[in-house]
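Residue-level structural notes
Listed here are the chains, written in short residue letters.
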Amino acid sequence: HYDIGVFLGAKVFANLTSTETESLEIRFDQMYISESKSAGESVISERSLLSIATDHINSAGPDFIVGQPQKELFAKWNLLVGKEMANISNFGSALHYYEEGIRFIG
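Residues numbered from 1 in each chain as written. Predicted model: local features only at pLDDT ≥ 70, side-chain atom pairs only at ≥ 80, totals over all residues. Heavy atoms only, no water.

**Describing the pattern of salt bridges**
Filter applied, for reference: Just to be clear on terms, a salt bridge is a Lys or Arg side-chain nitrogen sitting within 4 Å of an Asp or Glu carboxyl oxygen. Helical segments are the DSSP runs of H or I of at least four residues, strand segments are the runs of E of at least two, and each set is numbered from the N terminus. Buried means the residue's accessible area, taken with a 1.4 Å probe over protein chains only, is under 20% of the maximum for its type, while exposed means over 50%, and partly exposed covers the values in between.
Following the criterion strictly, the structure yields one salt bridge and no others. With a shortest N-O distance of 2.7 Å, Arg103 and Glu100 are connected by a salt bridge. Residue Arg103 and its partner Glu100 are both found in helix 6 (residues 91-105); the two are separated by three residues, about one turn of the helix. Of the residues examined, Arg103 reaches a relative accessible area of 40% and is grouped as partly exposed. Given the relative accessible area of 13%, Glu100 is considered buried.

Take a look at the structure:
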């Protein structure tokens, strides 16, 4: 699970510039759906990949993560996905991701 999660997470961040990476959290808060291809579709795609990546990392758990910087990164992924779940009023899932993030830093 860990390797799959890291691979998918890297796909989310691989094509982003440093400025885009810094603003990723803002982009996750801006969801809109359009019938035509737009920036919104790429945000939704990135969101889906990050959610799947985070689920795989969470399945592996913090015991398989060596090093505090990586644990903090995965805690942030959980925060981002948790915020997305809260934005779409899926509060149970948001709580789940927040708790998982705390597991990585706690």
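Following the structure, the description resumes.
**A word on the packing of aromatic side chains**
What counts here: Aromatic pairs are defined between Phe, Tyr and Trp rings, using the six-membered ring for Trp, whenever the two ring centres lie within 6.5 Å; interplanar angles under 30 degrees are classed as stacked, those over 60 as edge-to-face, and all others as tilted.
Inspection of every chain in the model, using the stated rule, returns two aromatic pairs. Both rings, one in Phe74 and one in Trp77, keep their centres 5.0 Å apart while their planes meet at 70°; by these two values the pair is edge-to-face. Placement of the pair is Phe74 and Trp77 together in helix 5 (residues 68-87), with a separation of three residues, close to one helical turn. With respect to class, Phe74 is no different from Trp77; both count as buried. Centroid distance Phe74 to Phe104: 6.2 Å. Interplanar angle 65°. Geometry classified as edge-to-face. Within this pair, whereas Phe74 is found in helix 5, its partner Phe104 is found in helix 6, the two being separated by 30 residues in sequence. A relative accessible area of 1% means that Phe74 is categorised as buried. With relative accessibility at 2%, the residue Phe104 sits in the buried group. One aromatic cluster in this structure is built from Phe74, Trp77 and Phe104.

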